[in-house]
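Given next are the chains, with one letter for each unit.
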Amino acid sequence: EDAFQFILCEGCRQESPNLKLLTCLHTFCLSCLSKNKLIGQCPVCQMAIPQASSISDTDNLLFTSLQARLKVYKKIIDGADLFCDSCKKASEFWCSECKEFLCTKCFEAHQRYLKRESHKTKRVMDIRAGSAKEFLEGSRRTGNLSCSNPTHKSQTVSIYCNKCCKPVCCICALLDSQHAPFCDIRSETQRRQEELGTMSQELKQKRSGFEATYAALQDEAARLEEAQQEMRELIRQRVEQLVQLIRQEEEELLGLVEARQEQGRRELAREMQHVEGVLRRMEAGERLVEKMSLYATEQEVMDMQPFIKGSLEELQRLQLAAAGDKVQPGKFAECRARLQVL
């Protein structure tokens, strides 16, 4: 179970049939997004949610599919109520294409009538002996792409139209002269997966820069705290030597130090929150691309890749702040000058 925690909602950590993928590549259920509606930000990285309703329109098809397939696996492992979907007898086989349990007799009929379809059928006992990862890889369908023309849903799709950016069937390719040029759907799916992998590798390299900036900001925050403590102590030592007449000046100096320190803290906190949010988005992107390469079907790659690509491109456009643009902590020069006057 620990290996598949990534398919849960990142808010409530529960399974949900309505998982939504945000542009920051974090995944939440409708319930968690509804609770966050008034804030309009991702609860993990605080990136603004661009949708007017604060609810993403993009379904996380990969995670939803994995949840359904893992439920089947759990049912097989538990061994309860495993009956043939055709005759209700005890099942001995599972067809990942039909998504049905089969008894021995129905399995023989299934193999006879669908022998040309190359359906992947496995024994239930063999599935129990394997791992969840092996079951998911074995049930990963490769021939379930559908034509973009709603009247051709039953047609086998093996062509990709580069002009329309959609999979099409042979009928569309032959009858509609607007569809061109073409390429093999398998090569296009592989190209998209490789494109996501390349972008993920580039983000890993860029991520190191953001991590270094985040570490520097943390160090700067620590130095700011240390400088504040030192200044407070120096002020107290000097003020204790003075008479009651300058007690008011002491309070003003302490207030000024607090104001400078609070200003620097707020600026550093904002910058750290921004960089931390970018890092979490990058982590989500890397994790999602990894899981796509391991478990996504071609349909899921075709449906989700443009959205994920857009989010990854947005991350690639982010730039680290230049050295002169970084937040400078508040300084205590004014405090020192007034102290010298005293």
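Residues numbered from 1 in each chain as written. Predicted model: local features only at pLDDT ≥ 70, side-chain atom pairs only at ≥ 80, totals over all residues. Heavy atoms only, no water.

The chain carries the name PML protein in an unreviewed UniProt entry, which gives Pandion haliaetus as its organism.

K.L.:
Sorry if this is basic, but what is going on with the nonpolar core here?
P.N.:
Nonpolar side chains in soluble globular proteins tend to end up buried together. Residues Phe28, Leu62, Leu288, Met292, Ile308 and Leu312 are the most contacted members of the largest nonpolar core, which totals 57 residues. Looking at which element gives the most residues to this core, the answer is helix α8 (residues 247-295), with 11 residues. Looking at this core, you find at least three residues from each of domain 1 (1-59) and domain 2 (79-144). Those residues within four positions of Leu312 in sequence are excluded, and the remaining contacts are Leu25, Leu196, Met199, Leu203, Gly285 and Val289. (Core = buried A, V, L, I, M, F, W, Y, C linked by side-chain atoms within 4.5 Å. Buried < 20%, exposed > 50% of the residue type's maximum accessible area, 1.4 Å probe, protein only. Helix = DSSP H or I, 4+ residues; strand = E, 2+ residues; numbered from the N terminus. Domains from an automatic or database assignment. Contact = heavy atoms within 4.5 Å.)

K.L.:
I'm lost on the sheet that holds strand β3 (residues 93-95) in this one. Help?
P.N.:
Within a beta sheet, neighbouring strands are joined by backbone hydrogen bonds and run either parallel or antiparallel to one another. Sheet architecture is open: 3 strands sit in the order β4-β3-β5, paired in antiparallel fashion. Both edges of this open sheet fall to β4 (100-102) and β5 (121-123), since each of them pairs with a single strand only. Neighbour-to-neighbour, the strand axes of this sheet turn through a mean angle of 30°, independent of strand direction. One ladder, built from 3 bridges, connects β3 with β5; its direction is antiparallel. Following the sheet pairing, Cys95 is matched in β5 by Thr121. Packed on one face of the sheet, helix α3 (residues 104-113) meets β3, β4 and β5 and runs near 115° to β4. (Pairing = 2+ DSSP bridges. Axes fitted to C-alpha atoms, helices over the stretch in contact; angles between N-to-C directions.)

K.L.:
For this particular structure, what's the right way to read unusual backbone geometry?
P.N.:
Excluding glycine, most residues fall at negative phi; most peptide bonds, likewise, are trans. A positive phi angle is found at Leu25, which is not glycine, with a value near 75°. Phi at Lys88 takes a positive value of approximately 70°, unusual for a residue other than glycine. With respect to the helices and strands, the residue Lys88 is situated in the loop between α2 (61-78) and β3.

K.L.:
What exactly am I supposed to notice about the pattern of salt bridges here?
P.N.:
Side chains bearing opposite charge may pair, as long as their charged atoms lie close to each other. In the structure shown here, the tally under the stated rule is 20 salt bridges. Between Asp59 and Lys20 there is a salt bridge, and its shortest N-O distance comes to 2.6 Å. With Asp59 in the loop between α1 (30-35) and α2 and Lys20 in strand β1 (residues 19-21), this pair connects stretches of sequence that are 39 residues apart. By relative accessible area, which is 36% here, Asp59 ends up partly exposed. For Lys20, a relative accessible area of 12% corresponds to the buried category. Among the salt bridges present, the one from Lys309 reaches Glu195, with a minimum N-O distance of 3.1 Å. Of this pair, Lys309 sits in helix α9 (residues 298-317) while Glu195 is found in helix α7 (residues 185-240), placing the two residues 114 residues apart along the sequence. Through salt bridges that share partners, Glu188, Arg191, Arg192, Glu195 and Lys309 make up one connected network. (Salt bridge = Lys/Arg side-chain N within 4 Å of Asp/Glu carboxyl O.)

K.L.:
Got a minute to help me understand the packing of α8 against helix α10 (residues 333-341) in this structure?
P.N.:
Two elements in contact, α8 and α10, have axes whose closest approach is 10 Å; the angle formed by their N-to-C orientations is 165°. On the basis of their axis angle, the class for α8 and α10 is roughly antiparallel. α8 and α10 meet at a crossing whose hand is left-handed. Residue-level inspection shows Glu249, Glu252, Leu253, Leu256, Val257 and Arg260 of α8 in contact with α10, the latter providing Glu334, Cys335, Arg338 and Leu339. Considered class by class, the residues forming the contact of α8 with α10 number 5 nonpolar, no polar and 5 charged. (Parallel < 35°, antiparallel > 145°, perpendicular 65-115°, else oblique. Left-handed = near helix turned anticlockwise from the far one by under 90°. Nonpolar A, V, L, I, M, F, W, Y, C, P; charged D, E, K, R; others polar.)

K.L.:
In this structure, what is going on with the packing of α2 against α9? I would like to understand it.
P.N.:
Between two packed helices, both the angle of their axes relative to each other and the distance between the axes serve to describe the pair. The geometry of α2 relative to α9 is characterised by a closest axis approach of 9 Å and an angle of 150° between their N-to-C directions. The pairing of α2 with α9 is recorded here as roughly antiparallel in orientation. Of the residues in α9, those in contact with Leu61, Leu62 and Ser65 of α2 are Glu300, Asp303 and Met304. Broken down by class, the residue content of the contact of α2 with α9 amounts to 3 nonpolar, 1 polar and 2 charged.

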